Amino acid sequence: MNPLSNSKRSFLRAGLGLSLAGLGISRAQAAGGLEQFYKYNIPPETWLAEVFGGQVPPPQVAPGGSFGLMQPLPGRVRYWRANGRTAWVFDDIGKVGYAPTTCGFVVKAGAIESAKVLIYRESRADQVGTPSFLNQLIGAKSAGAGIDRKVDNISGATYSVDMMKRMANAALQLDKTVPA
């Protein structure tokens, strides 16, 4: 015997539908998971297609490692190469306990050609995904344990800014390890 009658179930479904509608989302969207609420939620495959004009080359593999990231990369890291450019997609965290951020970097001639926040999972400091911030990384080259340029901090986002600089440097360092 079912403890909820059909009328009670219908009432609850209608209430859930109204609650979700009040949030501006449908039941179908709610079933999609938290990812739909991220300010930045670009599938890496979509970004790679954009970077390579719809002709994504097959992935290649580079040796992983720490590269200064808080979350060391696995032993093997995928990357994509075409037209003298490499594309890298990986995660890092701003601080222990933070959610990982997924970013994509394109390296050409030893410098960052483009940077993009693909998935930002934190509730604040998402300004690191804006073009005005990311443009500061364009042209950056590796310099020791960091990059060769000053990147303006964002008030309240120091850990996220540091994370982006680490990831840019990791892409540059990784690019050096692969054949041209």
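Everything numeric in this text was worked out from a predicted model, so none of it was measured.

A. Spotlight on the overall build of the protein chain. Per the secondary structure count, the protein chain includes 5 helices and 7 strands. Ordered by position in the sequence, the α and β elements of the protein chain form the string α-α-α-β-β-β-β-β-α-β-β-α. Of all 180 residues assigned to the protein chain, the portion counted as buried reaches 37%. Of the roughly 9,900 Å² of accessible surface on the protein chain, 56% is carried by carbon and sulfur atoms.

B. Quick look at the pattern of salt bridges. Here the structure, examined in full by the defined rule, presents 5 salt bridges. For the salt bridge of lysine 150 with aspartate 152, the shortest nitrogen-to-oxygen distance reads 3.4 Å. On the basis of relative accessibility, which here comes to 69%, the residue lysine 150 falls in the exposed class. Judged by its relative accessible area of 45%, aspartate 152 falls in the partly exposed class. In this structure, the salt-bridge partner of lysine 165 is aspartate 162, at a minimum N-O distance of 3.7 Å.

C. Quick look at the packing of aromatic side chains. Within the structure shown, the criterion is met by 3 aromatic pairs. Seen in terms of ring centroids, tyrosine 79 and tryptophan 88 are 4.7 Å apart; in terms of plane orientation they differ by 20°. Their pairing is stacked. For tryptophan 88, a relative accessible area of 0% gives the class buried. Their ring planes at 80° and their centres at 6.0 Å tell us that tyrosine 98 and tyrosine 159 sit as a pair that is edge-to-face.

D. The arrangement of the pairing of strand 4 (residues 101–108) in detail. Most of strand 4 is tucked away, with 7 of its 8 residues classed as buried. With 8 bridges connecting them, strand 3 (residues 85–92) and strand 4 associate as antiparallel partners. Each residue of the ladder has a partner; that of alanine 87, found in strand 4, is valine 106. Linking two consecutive strands that pair antiparallel, namely strand 4 and strand 5 (residues 111–120), is a turn of 2 residues; a positive phi of about 55° is found at alanine 109 within it.

E. Seen up close, the nonpolar core. Of all hydrophobic cores here, the largest spans 35 residues; its most connected members are Trp88, Phe90, Phe105, Ile112, Leu137 and Met164. For this core, the secondary structure elements donating two or more residues are strand 2 (76–82), strand 3, strand 4, strand 5, helix 4 (131–134) and helix 5 (158–177). Of the residues forming this core, the biggest block, 9 residues, is contributed by helix 5. Excluding its chain neighbours within four sequence positions, the residues that come into contact with methionine 164 are Cys103, Phe105, Val117, Val128, Phe133, Leu134 and Leu137. Counting residues in each nonpolar core, the second largest holds 12 residues, with Phe52, Ala87, Val106 and Leu118 among its members.

F. Focus on the sheet that holds strand 4. What the 5 strands build is an open sheet, ordered 1-2-3-4-5; its pairing is antiparallel. Each edge of the open sheet carries a strand with a single partner, namely strand 1 (60–63) and strand 5. For this sheet, the mean angle separating the axes of adjacent strands, direction not counted, is 30°. In the sheet, strand 4 pairs with strand 5 via 8 bridges, with the strands oriented antiparallel. Across the sheet, residue threonine 102 finds its bridge partner in strand 5, namely isoleucine 119. Sheet contacts for helix 3 (residues 44–51): strand 2, strand 3, strand 4 and strand 5; angle to strand 3, the most-contacted strand, approximately 160°. Packing against the sheet, helix 5 makes contact with strand 1, strand 2, strand 3, strand 4 and strand 5, and its axis sits at approximately 140° to strand 3.

Conventions we followed
- Residues numbered from 1 in each chain as written.
- Predicted model: local features only at pLDDT ≥ 70, side-chain atom pairs only at ≥ 80, totals over all residues.
- Heavy atoms only, no water.
- Helix = DSSP H or I, 4+ residues; strand = E, 2+ residues; numbered from the N terminus.
- Buried < 20%, exposed > 50% of the residue type's maximum accessible area, 1.4 Å probe, protein only.
- Areas by Shrake-Rupley, 256 points an atom, 1.4 Å probe, with all protein chains shown as cover.
- Salt bridge = Lys/Arg side-chain N within 4 Å of Asp/Glu carboxyl O.
- Phe/Tyr/Trp six-rings, centres within 6.5 Å; stacked < 30°, edge-to-face > 60°.
- Pairing = 2+ DSSP bridges.
- Core = buried A, V, L, I, M, F, W, Y, C linked by side-chain atoms within 4.5 Å.
- Contact = heavy atoms within 4.5 Å.
- Axes fitted to C-alpha atoms, helices over the stretch in contact; angles between N-to-C directions.

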